[in-house]
Amino acid sequence: MTSYITKSRVLSGLRCPKRLWLQTFQPKLAKPSSTSELTIANGIEIGKMARLNYPAGILIEHIEHPDVAVAETKRLIDNNCPVPLFEAAFEFAGVLVRADILVPVDGGWRMIEVKSSGSVKDHHLVDCAVQLWVLEGAGVKVQQVCLAHVDTSFVYAGDGNYEQLLVEEDVTEKVRVLLSDVPVWLASHRDILANSIPAVLMGSQCKPDCQFQDHCEQELPEYPVSILPNGRKVITDLQQAGIEDVRDIPDGVLTKERHITVWQATCANQPFISPALKTEFSKLPYPRFYLDFETINFVIPRWAGTRPHQQLPFQWSCHIQRQGGVLEHQEFLDTSGNAPMRVFAESLIAAVEDDGPIIVYGAFESTVIKSLIEFCADLENPLNDILDRLVNLLPWLQNHYYHPAMKGSWSIKAVLPTIAPHLDYSQLDDVQNGTLAQLAYVDIIDPKTAPAVRETKIHNLLKYCELDTLAMVEVVRSFEGGVFS
Ligand code: SF4
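The rules behind the values
Residues numbered from 1 in each chain as written. Predicted model: local features only at pLDDT ≥ 70, side-chain atom pairs only at ≥ 80, totals over all residues. Heavy atoms only, no water. Pairing = 2+ DSSP bridges. Helix = DSSP H or I, 4+ residues; strand = E, 2+ residues; numbered from the N terminus. Axes fitted to C-alpha atoms, helices over the stretch in contact; angles between N-to-C directions. Contact = heavy atoms within 4.5 Å. Domains from an automatic or database assignment. Buried area = accessible area lost by both parts, 1.4 Å probe. Salt bridge = Lys/Arg side-chain N within 4 Å of Asp/Glu carboxyl O. Polar contact = N/O pair within 3.5 Å; in protein donor to acceptor, adjacent residues only side chain to side chain. Buried < 20%, exposed > 50% of the residue type's maximum accessible area, 1.4 Å probe, protein only. Near = heavy atom within 4 Å. Nonpolar A, V, L, I, M, F, W, Y, C, P; charged D, E, K, R; others polar.

Okay, the sheet that holds strand β13 (residues 390–392) next. As summarised here, the arrangement of the five strands in space is β11-β10-β9-β12-β13, forming an open sheet in which the pairing is mixed. Taken across any chain shown, the strands that pair with only one partner, and hence form the sheet edges, are β11 (327–333) and β13. Taking each pair of neighbouring strands and ignoring which way they run, the sheet shows an average axis angle of 25 degrees. Strand direction decides the pairing type here: strand β12 (residues 358–360) and β13, joined by three bridges, are parallel. Each residue of the ladder has a partner; that of I359, found in β13, is V391. Along the sheet face, helix α17 (residues 434–444) touches β9 (288–296) and β10 (312–321) and points at about 65 degrees away from the line of β9.

Next comes the structure, spelled out in C-alpha cells:
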C-alpha cells in the first residue's frame, strides 16, 4: 500500500512540529485523551448529519485502502458523476485528502468541509487550503469552497428536522489566498520528519486534545514558567530569555500580583495563606449548601427547544452542613434520556431549602441556573432566589491561598490535594473530569448500553460529582478550623 502524507498530519505539524514527529516515530507515547475522544465523536456525528442534506450522495468507503478510494473517486469524477460525493479521496504530490462533501455544479465542483464548531476559525481555512491544493493538483475543477459549521442559533423543534442545523459559508477567496503557502507547509512537514525530534517547549499550542501532554510534561522542570496563570506574554519573554523554572525568575521581573504570589510561594516552598480566609469563611451562616453541576452539550441537539453546544444540566450534588457540623448529602442524576432540565430544576429547588448560603466553585453554576430559567419560566422566582444565595469560593481562594503543589492552578482538583490529600480524584474509577462525565452520561442514556455497564457508569458519575462538593466542604472546613492558618 502506498504511504501518504495525510492532511491531518500536515495540520498537526503546523500546530506543533514535535507532535507531528511523535505521532510519526513514537506513537506508543500517546495517551488517550477524553477531549480528543469527544471531538472525534462530535466530528463523526456532524459529518453524517451534513450528508442528510444531500440525500442522493454516494459515500466513498475503503477507509483502510486509500488507493482503492482514490481510484473509485477518479472513476466517478471522470464519468461526470451527477450526484454529490462523500469522503471523496484525492492524492497529489504524496498528500492524501478526503473531501467531506463534493457537490457537482456548473463547470466543476463545490467542495464543502464540515466542522462541528459554531463559526469559521483560522485553522479551518488552513485545512481547506490543503484540501483545495490537493484537489486542484489532482485535476479537479473546484468552483467554490464552503465551510459548513453549526448554526448556534438553531433551535431544535423535536421533530427530527435538522435541515437548518448547519450553515454553509463561502470561504473560497480566503482559502485561495493561502494556496501559495501549502508547498511551504509541506516542505516544513518533510523537514520535520527528516530530522531528530524538534525542541519544542510546552506552551499555548498545547491543547487538551494533544495525546502527548503526559510525555511532554515529564521533560519540564518541576515548576515550569508556563504555570504562571494567564501569563502568555511573560511566559514567552521568560522562555526566550532561557528561563524555564519559576524558581530561576529574578526578583522584580514579575509585575502581576498573582504571578508574584506563585513565584514567592514556589521559591520559599511554602504555601501562601492569608488570615482573611478564616475570617471570611467563619462568617458563612448555617445551613451551608455546597453545590456542583454536571452538564452535557450536544453538537446535534436531542431535545425540543435546545440549541447546539448548549450547556444542559443533568446532574447535581449537594452537601448540606448544619450548625454543629452535621453533614448530609443529596444528589440528582437524570438517567431517563429525556430532557432533564425541568426535573433537575425542581429537585434542586427542593434540595436547597429556603435559606443559607449556596456555595459553588466558579461561575459555572450561576450561568447554568440562568439558562434553566429559559426552559422553566414558571420557576423563575425560586431559581432567582438560588442565584441570590450563591457564594463563589474561587475568588476567595485565588486572593488568599496558594500552595506550590497547585502549580499555577486554582481548580478544585489542584487545590484539594494540598488540603485533603486523602480525597483524590485519581482514585475515582472511570469518571475523573467533566469530559469523562459527559461521555459517561451519553453511555448511560444510550439504550444500547448493557445494564451492568450502565449501572457502573451511574455509580462512577455519582461518586465524581459527590467528590466535587465534598472537596468544597473540606476547603471551607480546613481554613475555618485553623488547620491552615
Ligand atoms: S504537549 Fe504540546 S509540545 Fe508536546 S507534542 Fe503536544 S502540542 Fe507539542
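Quick look at the domain arrangement of the protein chain now. If you check the domain split of the protein chain, you get domain 1 (5–192), domain 2 (220–255) and domain 3 (271–485). Spacing between the C-alpha centres of domain 2 and domain 3 amounts to 33 Å. Listed by partner, the interface residues are four residues for domain 2 and five residues for domain 3. Counting the surface lost from both domain 2 and domain 3, the interface buries some 370 Å², and carbon and sulfur atoms represent 66% of this. Three residues stand out in domain 2 for area buried against domain 3, namely Y223, I227 and P229, and they jointly supply 83% of the buried area on that side. Our enumeration of links across domain 2 and domain 3 arrives at zero salt bridges. Here domain 2 is connected to domain 3 by one residue pair in polar contact (both at pLDDT 80 or more).

Turning our eyes to something else, we now look at the side chain of T449. In this structure, T449 sits in the loop between α17 and α18 (451–480). Assessed through its relative accessible area of 15%, T449 is described here as buried. Polar side-chain contacts of T449 include one of 2.6 Å to the backbone oxygen of D443. In contact with T449, other than residues within four places in its own chain, are D443 and R454.

Now for the site of the ligand. Taken together, C16, R19, M202, Q205, C206, C210, F212, Q213 and C216 are the residues near the ligand. When the residues that make up the shell around the ligand are grouped by side-chain class, the tally is six nonpolar, two polar and one charged.

Attention now goes to the pairing of strand β4 (residues 95–105). Burial runs high along β4: nine of the eleven residues are buried. For strand β1 (residues 5–6) and β4, the ladder comprises two bridges, and the chain directions are parallel. Bridge pairing in β4 links T6 to L96. Of the strand pairs in this sheet, strand β3 (residues 85–92) and β4 are connected by seven bridges, and their pairing is antiparallel. Residue pairing in the sheet places L85 in a bridge with L102 of β4. Taken together, β3 and the strand that follows it, β4, pair antiparallel across an intervening segment of two residues, in which A93 is found at a positive phi of about 55 degrees. In terms of strand pairing, β4 meets strand β5 (residues 108–114) through five bridges, oriented antiparallel. Looking across to β5, one finds that V105 is bridged to G108. Here β4 folds back onto β5, and the loop between the two strands holds two residues, one of which, G107, carries a positive phi near 80 degrees.

So, on to the pattern of salt bridges. Any two side chains of opposite charge can pair if their charged atoms end up close together. Scanning the entire structure with this criterion turns up 28 salt bridges. Between D209 and R15 there is a salt bridge, with the nearest N and O atoms lying 2.8 Å from each other. Taken together, the positions of D209 in the loop between α7 (182–194) and α8 (213–218) and R15 in helix α1 (residues 7–15) put the pair 194 residues apart, joining distant regions of the chain. Note on R15: relative accessible area 29%, which makes it partly exposed.

Right, let's get into unusual backbone geometry. With an omega of -5 degrees, the peptide bond between Y286 and P287 qualifies as cis. Examined against the element boundaries, P287 turns out to sit in the loop between α11 (276–282) and β9. Positioned with a positive phi, N80 is a non-glycine residue whose angle comes to about 50 degrees. In this structure N80 comes out as exposed when scored by relative accessible area, which is 63%. Of note in the backbone geometry, E87 takes a positive phi value of approximately 60 degrees without being a glycine. Assignment of secondary structure puts E87 in strand β3.

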